[in-house]
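Spelled out, the chains give:
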Amino acid sequence: MKQIINDLYPYLKRYRKDYLIGIFSLVISAYFTTLAPAIIGQTIDALKNGDLNNQNVWLYVSKIVGAIAISSIAMILVRRTMLAASWEIQFDIRRDVFKHFSKLDADYFDRNRVGDMLTRLTADLNAVRMLFGPAIFQGISISLMMIFSFYRMFKINAALSLITLISVPLVTFVLFMLMRIVHKRYLKSQEQFSNISAMSQENFSGIRVVKGFGIEDREIHKFSVLNDEFIKRNLFLTRAEGPIHSLMDLIFGVILSLLVLLGGRYVLKGGNLSIGEFSAFILLYQRLQWPMIGLGWIANLFQRGSTSWNRLKEILETEPAISNDENTNYDLASIKGDIEFKNVSLEFNGQKVLDDLSFTLPEGQSLGITGKTGSGKTMIISLLSRIIEPSSGEILINGIDIKEYPLELLRRKIGLVPQEPYLFSDTIADNIAYGIPDGDNQAKVEEVAKIVQLSDDIKDFPEGYKTSLGERGVTLSGGQRQRTAMARAIIRDPEILILDDALSAVDTQTESLILSNLAEVAKNRTSIIIAHRLSAFKNTDKVLVLDFGKIVEQGSHEELLEKDGWYADIDRRQQLEKDLENA
Ligand SMILES: Nc1ncnc2c1ncn2[C@@H]1O[C@H](COP(=O)(O)OP(=O)(O)OP(=O)(O)O)[C@@H](O)[C@H]1O
Ligand SMILES: [Mg+2]
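Overview of the structure. Remember, predicted model here, so these are calculated numbers, not experimental data.

Basis of the calculations
Every chain begins its residue count from 1, and numbering advances along the sequence as written. Chain letters and ligand numbers both follow the written order, the letters beginning at A and the numbers at 1. Residue-level local features of this predicted model are given only where pLDDT is at least 70; pairs of side-chain atoms are given and counted only at 80 or more, and the full residue set underlies all totals for whole chains, interfaces and linings. Water and hydrogen atoms play no part in the side-chain values, which are based on all heavy atoms of the structure. Note on ring pairs: Phe, Tyr and Trp rings are taken, using the six-membered ring of Trp, and paired if centres are within 6.5 Å. Classes follow the plane angle, with under 30 degrees stacked, over 60 edge-to-face and the rest tilted. Burial status follows relative accessibility: with a 1.4 Å probe on protein chains alone, a residue under 20% of its type maximum counts as buried, one over 50% as exposed, and anything between as partly exposed. Consider the ring centre and the ring normal. A charge sits over the ring if Lys NZ or Arg CZ is within 6 Å of that centre and within 35 degrees of that normal. As a rule, the C-alpha atoms of each element are fitted with a line to give its axis, helices using only the stretch in contact, and angles between N-to-C directions run from 0 to 180 degrees. Strands here are runs of E lasting at least two residues and helices are runs of H or I lasting at least four, both read from the DSSP assignment and numbered beginning at the N terminus. Angle categories are assigned with fixed cut-offs, so that under 35 degrees is roughly parallel, over 145 is roughly antiparallel, 65 to 115 is roughly perpendicular, and the rest are oblique. Two residues qualify as a contact provided that any one of their heavy atoms is within 4.5 Å of a heavy atom in the partner residue. Residue classes follow a fixed rule: Ala, Val, Leu, Ile, Met, Phe, Trp, Tyr, Cys and Pro count as nonpolar, while Asp, Glu, Lys and Arg count as charged, and any other residue, Gly among them, counts as polar. We call a residue near a molecule or strand as soon as one heavy atom of that residue lies within 4 Å of the molecule or strand. In the analysis that follows, any N or O atom pair within 3.5 Å is treated as a polar contact, provided that within protein one partner can donate a hydrogen and the other can accept it, and provided that, for residues neighboring in sequence, both atoms belong to side chains. Where accessible areas are quoted, they stem from the Shrake-Rupley method and a 1.4 Å probe; at the residue level, only the protein chains shown are allowed to cover. We call two strands paired when DSSP finds no fewer than two bridges between them. The positive count covers Lys and Arg only, the negative count covers Asp and Glu only, and His and the chain ends enter neither. Salt-bridge detection follows one rule: a side-chain nitrogen of Lys or Arg within 4 Å of a carboxyl oxygen of Asp or Glu. The span expected for a helix works out to 1.5 Å for each residue beyond the first. Water is not part of the atom set, so a site may look incomplete; the donors themselves are N, O and S atoms within 2.8 Å of the metal, or 3.2 Å for Na, K and Ca.

Comments concerning the packing of aromatic side chains
- All chains considered together, the criterion is met by 11 aromatic pairs.
- With a centroid separation of 6.0 Å and an interplanar angle of 45°, the aromatic rings of Phe101 and Phe109 are classed as tilted.
- Residue classification places Phe109 among the partly exposed residues on the basis of a relative accessible area of 32%.
- Of note, Arg152 hangs over the ring of Tyr31, and the distance from its end group to the ring centre comes to 4.9 Å.

Here is the structure:
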């Protein structure tokens, strides 16, 4: 509890003023809400004693209306301050969680389901907001109501007040226990809901696979099973929630009969309790019923809120494995292209993926990398942009270990066209200009689109460069997507340009057009081209051939052909395929 308050205080602090005004308004509201029954009691007594006449009846009435009006206005103020602040706090926390999410390693997102992460950003955040808003607000409001009510009740009659007072912990306890059962069942239902969201999300994203394999029925069946379980869990939840109301009514009824029994005798005896006072007491008691229920409810909001907060904290406390640290030298402000891998190895669970790899790539030159699928080509790139760290060895740029470069600088200077490009649901122009500052980028966008042979395609789009791409750019063909990603990398004018199999989906003719344009772009920068099609390496200065994480051949395209090894063999086969295609 204390931990939660400590954690959350920084968020609360910013809205201190709102909370203070809110609390003040709650005091006013509680005072006047409990005043109304007292005035009603006085009115009844006046009626009974024959003191009520045409003149002063209006006085009584206006007092009652006035009290209720003031309390209502105070409540509006509470909503404007305290409850509004709770939304602001939810916004602040969401922003922090999102910001933190984006700092985490790519690896984290591979290990966690998107559906789960979304639940945290929605359901958990909402539970935390309930804690800041309704829970704090009702907690204070109820406490004040109790204080004022009991104050007024004790002033009327001590014995009756004691009976009522003793019932408070009883009601709260019973309710809290019941709500705990409800909460457990609620969690089970939420968990299932999370499963359903995760499955839907995966199905929507993978809809091509589902349809392509013709397994819609199987997926629909899987979904029904999940859905049935969800209904079951919800019914189970309802069964626990259902009796709460009736039980509460019963308890309140019993207490009320006790009060009437005892109070009625006091009034009849004509002792120290007038009929007006008794009525006021009963009215006050009835107004206390909700606060008593509220206490159990609030205890629950606190419980839910703290569970959710702990889950969010788990995210906020996950440190990215790769970030700027004590090795970072912030004086480094630029990167040129001299790249050196020194005895670099990479292991996953004891499995060597890269094995004692050494090579250099002088500034301004181009390097080709080829090799069987799974031979470790993409890993070399991931190491260079520090998406992963080597198990041993060093990677240097201009003789400086890449660990010393500020991470943002390193990644900003590397223009990477990934193997599986991701496009945002945005216009094609915005997708291309994604990595550069906002502004009028149209001319630049068109220029790079030309380089990657995309401008003709774009001309045919319904709204040209303003054409929107669906989620993940579904309206584009594989080759168009690759070229869009390539334009996105080139427009940033990176020092080091990397194409990871970025031409695999374009035909050979387009490929050679793009490559000759790229030769122009790559003239003064260091570039790395990964490809399976050896025609991509005609103009590269050097090519590495990778097999099981080792360099098995290296040299220029011509040298490798002369060597008559794996490279030459693949080249012959690709030539043959090409001839067959053209035949
Ligand atoms: N996070 C990981 N955990 C375990 N193994 C991994 C991980 N990432 C990559 N690998 C393995 O590392 C090896 C090299 O992968 P890499 O992606 O570099 O291959 P590649 O040469 O780029 O292949 P392709 O031509 O198909 O793109 C593969 O066997 C892959 O399964
Ligand atoms: Mg790869």
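From this point, the narrative continues.
Digging into the packing of helix H1 (residues 2–13) against helix H5 (residues 114–156)
- Where H1 meets H5, the closest approach of the two axes is 12 Å, and the angle between their N-to-C directions is 85°. Taken together, the axis directions place H1 and H5 in an arrangement best described as roughly perpendicular. On H5, the residues that touch Leu8, Tyr11 and Leu12 of H1 are Leu131, Phe132 and Ile136.
- Of the residues in the contact of H1 with H5, the class split is 6 nonpolar, no polar and no charged.

Some details on the site of ligand 1
- Near ligand 1, the surroundings consist of Phe348, Val353, Lys372, Thr373, Gly374, Ser375, Gly376, Lys377, Thr378, Met379, Gln419 and His532.
- Measuring from an oxygen atom of ligand 1, one finds a side-chain N or O atom of Lys377 at 2.7 Å.
- About the coverage of ligand 1: the protein hides 62% of its 630 Å² of free accessible area.
- The biggest single contributor to the shell around ligand 1 is helix H10 (residues 377–384), with 3 residues.
- In terms of residue class, the shell around ligand 1 is made up of 3 nonpolar, 7 polar and 2 charged.

Re the sheet that holds strand S5 (residues 400–401)
- Spatial strand order, S2-S1-S4-S5: 4 strands in an open sheet with antiparallel pairing. On the outer flanks of this sheet lie strand S2 (351–361) and S5, each paired with one strand and no other.
- Where H10 meets the sheet, it contacts strand S1 (339–348), S2 and strand S4 (392–397), and its direction lies at approximately 115° from that of S1.

Description of the sheet that holds strand S7 (residues 496–500)
- If you trace the 6 strands from one edge of the open sheet to the other, you get S6-S7-S8-S3-S9-S10, paired in mixed fashion. Edge strands, defined here as strands with exactly one partner in the open sheet, are strand S6 (414–417) and strand S10 (550–555). Taking the axes of each pair of neighbouring strands and ignoring which way they run, one obtains an average angle of 15° across the sheet.
- As paired strands, strand S3 (residues 366–371) and strand S9 (residues 542–547) are joined by 5 bridges and run parallel to one another.

Here's the deal with the side chain of Asp571
- Note that Asp571 resides in helix H18 (residues 566–582).
- One buried charged side chain, Asp571, makes no salt bridge at all; its nearest oppositely charged neighbour is Lys538, positioned 6.5 Å away.
- Excluding anything up to four places from it in sequence, Asp571 contacts Leu534, His557 and Leu561.

Here's the deal with helix H15 (residues 478–490)
- With 13 residues, H15 extends 19 Å between its outermost C-alpha atoms, agreeing within 8% with the 18 Å of an ideal straight helix rising 1.5 Å per residue.
- Within H15, 11 of the 13 residues are buried, which leaves the element mostly enclosed by the surrounding structure.
- Each element contacted by the buried residues of H15 is listed here: S6, helix H12 (428–432), helix H13 (442–451), helix H14 (455–459), S7 and helix H16 (508–521).

Considerations on the coordination of the magnesium ion (ligand 2)
- Each protein donor to the magnesium ion (ligand 2) is listed here as Thr378 (OG1) and Gln419 (OE1); together their distances run 1.9 to 2.3 Å. With Thr378 in helix H10 and Gln419 in the loop between S6 and H12, this pair connects stretches of sequence that are 41 residues apart.
- Assessed through its relative accessible area of 27%, Thr378 is described here as partly exposed.
- Gln419 sits in the partly exposed class, given a relative accessible area of 37%.

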